[in-house]
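Remarks on the overall topology
Listed here are the chains, written in short residue letters.
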Amino acid sequence: MTTKHEQILAYIEKLPVGDKISVRQIAKDLVVSEGTAYRAIKEAETRRLVSTIERVGTIRIELKKKEHFERLTFAEVVNIVDGQVLGGKTGLYKTLNKFVIGAMQLEDMMRYVEPGNLLIVGNRLKVHETALQAGAAILVTGGFDVPEPTKKLADEFELPVISTSYDSFTVATMINRAIDDQLIKKDVLLIEDIYIPLEKTSFLRTSDHVKQYRELNDETTHGGFPVVDKANKLVGIVTARDVIGKENHELIEKVMTRTPISITMKTSVASASHRMIWEGIDLLPVVGDNNNLEGVISRQDVLKALQAASRQPQNGETIDDIVKQQIKAISSEEFIFEFEVTPQMTDHFGAMSYGAFTILVTETGSQTLKIRKRGESVVENMTIYYTKPIQLESILRVHARVLEMSRKVAKMDLEVFNEKQLVGKAMVTYQLLER
């Protein structure tokens, strides 16, 4: 049976895109408390089903697929630029495919304006009307208002006219940053990208017997299986260790491990790999919001995904990517790496930041393990000594030395030199992600 929270989310999901909703309306329509309605709307906002805009309210927006994250809705633009919607509110759910800065004569400008664009322009009234007629939304900079006929035109075409107090350059920078953030999010591997769906997942029910486990084990050669109840909710996991010495007729419910570790679709692959290493498990069930089993993820799937991700170029670059791009192995036998400090890696004093230095030493250690054919790894703990400031454009050399290595753990000593002067040291312990 679904909860009231789930019922509200399902109701919101079925609403037409562009519909306005409120806590009071949801509470009245579904006969729930306003507190329950408020919590469900906040959850819907997290899932990007709705967007709340000041002075407009909460509207149902288009749920964009992951591959289109670089596109923003007009509703999201309003929030990014602290804008006020002057007209065309019913079109806020639409996505913009490009933004154009209107810094030319009208005729020249309109050559660049197409349907679905967002035109960023000041208080040029004729431009506003012409752009709306061409199918583009308007972002008016400088905090200016627009006349009533323009607002009516925006309502008629369902194209938002947004006013912001920022100037054109600032607005363009803010939108660009938001798109870049979305690109970085798009490139983060999540469990939903690589999991094995339920229809391809082998699992057992609480009413099954040890005999069924052994038959499934022989058929699939998997060591463990999730266990679900009648409502398909995850209640346990059963492995070879659980059935040792057990009779074939014994119920799975009696021998399984209860309250197993599980993950959701939105868990990152990196987080899942760390969990598997720390808990020493090879299989993680994937569950939905109501703990329904949606699939599984294996250690092998995680390993393949991490290896593929490390080879992919980034569209939106993080400081991690920038640091990693600068690392060059100059001796694969002695594990020596060279590195140049660029402006993005410095603090406001012009010295290399502590964060960038940390990425440098942990990544060179990780690359050393790959050279030694030990594959993927995650940092378990580290001790860093940052002995001297490292200035901009310094060429550093990192010497990596493996102190101890077992099947699951590697301990490394890393020394960082600027010319011949020692500027930092690190002791790092890595957990190795086995095949």
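One can find the structure itself at the top, above this paragraph.
What counts and what doesn't
For every chain, the first residue of its written sequence is number 1, and the numbers climb from 1 along that sequence. In keeping with the predicted nature of the model, local features appear solely for residues at pLDDT of at least 70, side-chain atom pairs appear and are counted solely at 80 or more, and the whole-chain, interface and lining totals rest on all residues. Hydrogens and water molecules were not included; the side-chain quantities draw on all heavy atoms of the structure. By definition, a salt bridge exists where a carboxyl oxygen of Asp or Glu is found within 4 Å of a side-chain nitrogen of Lys or Arg. Only DSSP runs of H or I with at least four residues qualify as helices, and only runs of E with at least two residues qualify as strands; both kinds are numbered from the N terminus onward. The buried label goes to any residue with under 20% of its type's maximum accessible area, the exposed label to any with over 50%, and the partly exposed label to all in between, with areas taken from a 1.4 Å probe on protein chains only. Along the arc lie the directions from the helix axis toward the C-beta atoms. Note on definitions: a residue-residue contact is assigned when non-hydrogen atoms from the two residues lie within 4.5 Å. Note on aromatic pairs: the rings of Phe, Tyr and Trp (six-membered ring only in Trp) are paired at centre separations within 6.5 Å, and the planes decide the class, stacked below 30 degrees, edge-to-face beyond 60, tilted for the rest. Orientation is described by lines fitted to C-alpha atoms, with helices fitted over the stretch in contact, and by angles between N-to-C directions that extend from 0 to 180 degrees. Relative orientations are named as follows: roughly parallel for angles under 35 degrees, roughly antiparallel for angles over 145 degrees, roughly perpendicular for angles from 65 to 115 degrees, and oblique for any other angle. A clockwise turn of the near helix away from the far one marks a right-handed crossing, whereas an anticlockwise turn of less than a right angle marks a left-handed crossing. Side-chain classes are defined by residue name, with Ala, Val, Leu, Ile, Met, Phe, Trp, Tyr, Cys and Pro counting as nonpolar, Asp, Glu, Lys and Arg as charged, and the others, Gly among them, as polar.

1. Remarks on the pattern of salt bridges
Taken as a whole, this structure holds 13 salt bridges when the rule is applied. Put simply, Lys324 and Asp320 hold a salt bridge, and the shortest N to O gap is 3.3 Å. With Lys324 and Asp320 both in helix 15 (residues 319–326), this residue pair falls four residues apart, about one helical turn. Relative accessible area serves as the criterion here: at 35%, Lys324 is assigned to the partly exposed category. A relative accessible area of 31% means that Asp320 is categorised as partly exposed. Among the salt bridges present, the one from Glu363 reaches Lys324, with a minimum N-O distance of 3.9 Å.

2. Here's the deal with unusual backbone geometry
Its identity as a non-glycine residue notwithstanding, Glu393 has a phi of 70°, on the positive side. Residue placement: Glu393 occurs in the loop between strand 21 (377–386) and strand 22 (395–405). Owing to a relative accessible area of 57%, Glu393 belongs among the exposed residues under this scheme.

3. Considerations on helix 7 (residues 148–157)
Turning to helix 7, its buried residues number three or more, namely Thr150, Lys151, Leu153 and Ala154. With its buried residues spanning 160° around the axis, helix 7 presents them on a single face. Residues of helix 7 that are exposed and point more than 90 degrees away from the buried face comprise Pro149, Lys152 and Glu156. Taken together, the buried residues of helix 7 touch strand 5 (84–87), helix 6 (125–133) and strand 10 (161–163).

4. Quick notes on the packing of aromatic side chains
Within this structure, the stated rule accounts for three aromatic pairs. For the pair Tyr213 and Phe225, a centre-to-centre distance of 5.6 Å together with 75° between the ring planes defines the contact as edge-to-face. Of this pair, Tyr213 sits in helix 10 (residues 210–220) while Phe225 sits in strand 13 (residues 224–228), and the two are twelve residues apart along the sequence. Per residue, the accessibility class of Tyr213 equals that of Phe225, and both read buried.

5. Some thoughts on the packing of helix 15 against helix 16 (residues 354–371)
In a packed pair of helices, the relevant descriptors are the angle between the two axes and the axis-to-axis distance. Where helix 15 meets helix 16, the axes come as close as 10 Å, and the angle between the chain directions of the two elements is 55°. Between helix 15 and helix 16, the crossing angle belongs to the class labelled oblique. Of the two possible hands of crossing, helix 15 and helix 16 adopt the one that is right-handed. In this structure, helix 15 uses Ile319, Asp320, Val323 and Lys324 to contact helix 16, whose residues at the interface are Ala356, Ile359, Leu360 and Glu363. Of the residues assigned to the contact of helix 15 with helix 16, the class counts are five nonpolar, no polar and three charged.

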